[in-house]
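Notes for the structure review
Spelled out, the chains give:
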Amino acid sequence: MKNFKKPLFLPSRGSFKNFRLIILIFISVISLSACVNVKKATYFNDIPDSEFKSRFENMESVIKENDLLSISVSSLNPEATEVFNASNVSVTQTSTATGTTTQASGYLVDHEGFIRFPFLGTLKAAGKTKQELREEITKELVDRKLLLEPIVDIRYLNYRVSVLGEVKDPSVLTIPSEKVTLLEALGLAGDLTVYAKRDNILLIREEDNVKKLVRLDLTSEEIFTSPYYNLKSNDIIYVEANKSKVASTSRINQWLPIIISSLSLAVIAFDRFL
């Protein structure tokens with residue numbers, strides 16, 4: 001009987017053990033890299049008990065072109081007042097936080113910045129605050145002896161904020177109170193998803209025909225003292241997706257479970273044969 005030599009290419013038992021160890025380390029590294037970093041998925045990490053002064057003071061927005069204003073007038077004579085509340089005829093459709101559509105009537109500021117008010121004619125509105133326009137209308141009504149002790153109230157009908165990106169319900173939010181913080185707007189949009197970049201929220205704001213792009217970090221206490229924490233009408237919030245979201249949509253993520261399973265079977269097979 002001939003003696004057969006051991007093939008040179010057949011790995012030794014020690015080689016198989018080393019190979020098995022390498023595969024186990026590889027699987028462990030991949031598994032750990034897939035774990036979610038809890039700190040990156042939470043707000044305000046390690047922030048102690050603190051106090052922050054509200055910065056809503058002196059934040060009244062200036063009226064702009066295409067703003068839709070509700071102007072109501074009241075006085076001691078309801079019959080004489082009625083005519084000043086009958087001209088809210090401009091109709092628009094707005095999206096609310098619940099996703100429904102409503103109709104609102106009011107005074108639309110034209111492209112030249114004017115509104116037309118009963119008996120007072122054309123009034124310049126753009127560039128003024130609500131308080132300034134309110135005082136002007138009140139003064140005109142009194143000076144022209146149209147009403148006695150009139151009370152004028154002005155509100156925005158299209159005070160809205162857009163929230164886009166990695167939130168549960170991206171939407172255009174209509175804010176009846178005319179005051180909203182960044183956190184409140186995100187809450188109205190259903191909060192951030194687990195894939196959102198909480199340390200890189202993009203705020204887009206237009207002032208004096210100039211668009212500003214600002215990055216905000218929700219994991220830092222500095223967000224509460226930021227001048228952009230309180231939002232203004234027509235602000236746009238965009239929430240970027242993190243690397244986990246990008247990876248979850250790639251092809252390698254689809255093949256990864258198959259690769260890990262195959263490697264695990266290979267380790268078991270080598271272990272059984274040796």
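Here the residue index of a chain counts from 1 through its sequence in written order. Where local features are concerned, this predicted model is filtered to residues with pLDDT of at least 70; where side-chain atom pairs are given and counted, the filter is 80 or more; whole-chain, interface and lining totals use all residues. As a rule here, side-chain values come from all non-hydrogen atoms in the structure, and water together with hydrogens is ignored.

Some details on the packing of aromatic side chains
Each aromatic pair joins two rings of Phe, Tyr and Trp (for Trp, the six-membered one) with centres within 6.5 Å, and gets the label stacked for planes under 30 degrees apart, edge-to-face for over 60, and tilted for any other angle. Considering all chains together, one arrives at 5 aromatic pairs under this definition. Between Phe-84 and Phe-119 the ring centres are 5.5 Å apart and the planes differ by 50 degrees, which places this aromatic pair in the tilted class. Taken as a pair, Phe-84 in the loop between helix H2 (78-82) and strand E2 (90-95) and Phe-119 in the loop between strand E4 (114-117) and strand E5 (121-124) lie far apart in primary sequence, 35 residues in all. By relative accessible area, Phe-119 is classed as exposed at 57%. Counting every residue linked through ring pairs, the aromatic cluster contains Phe-84, Tyr-107, Phe-117 and Phe-119. Our definition puts a charge over a ring when NZ of Lys or CZ of Arg is within 6 Å of the ring centre and also within 35 degrees of the ring normal. We note Lys-124 situated over the ring of Phe-114; from NZ or CZ to the ring centre the distance is 4.8 Å. A run of H or I in DSSP becomes a helix once it reaches four residues, and a run of E becomes a strand once it reaches two; helices and strands are each numbered from the N terminus. For every residue, the accessible area obtained with a 1.4 Å probe (protein chains only) is divided by the maximum for its type, and the residue is called buried under 20%, exposed over 50%, and partly exposed between those limits.

A word on the sheet that holds strand E8 (residues 171-174)
Strands sit in the order E8-E7-E11-E9-E10 across an open sheet of 5 strands; the sheet is mixed. Edge positions in the sheet fall to E8 and strand E10 (210-216), since each of these pairs with one other strand and no more. Taken over all neighbouring pairs, the strand axes of this sheet differ in orientation by 20 degrees on average, direction set aside. Paired strands are those between which DSSP finds at least two bridges. In terms of strand pairing, strand E7 (residues 160-165) meets E8 through 4 bridges, oriented antiparallel. By the bridge assignment for E8, Ser-162 is matched with Val-172. Axis lines are fitted to C-alpha atoms, over the contacting stretch for helices. Their N-to-C directions set the angle, which ranges from 0 to 180 degrees.

Some points on unusual backbone geometry
Phi is positive for Glu-178, which is not a glycine, with a value near 65 degrees. The phi dihedral of Asp-191 falls on the positive side, at around 75 degrees, and the residue is not glycine. Among the secondary structure elements, Asp-191 is positioned in the loop between helix H4 (182-188) and strand E9 (196-207).

Considering the pattern of salt bridges
For this document, the term salt bridge refers to a Lys or Arg side-chain nitrogen within 4 Å of an Asp or Glu carboxyl oxygen. Under the defined criterion, the tally for this structure stands at 10 salt bridges. Among the ionic pairs, Lys-130 bridges to Glu-178, the shortest N-O distance being 2.4 Å. Residue Lys-130 is found in helix H3 (residues 130-143), and its partner Glu-178 is found in the loop between E8 and H4; the two are separated by 48 residues along the sequence. The buried category is assigned to Lys-130, whose relative accessible area is 12%. The class of Glu-178 is buried, set by a relative accessible area of 12%. Residue Lys-197 pairs with Glu-240 through a salt bridge whose shortest N-O separation is 3.9 Å. Here the residue Lys-197 occupies a position in strand E9, and Glu-240 occupies one in strand E11 (residues 236-241), the gap between them amounting to 43 residues. Accessibility expressed as a relative area gives 28% for Lys-197, which makes it partly exposed.

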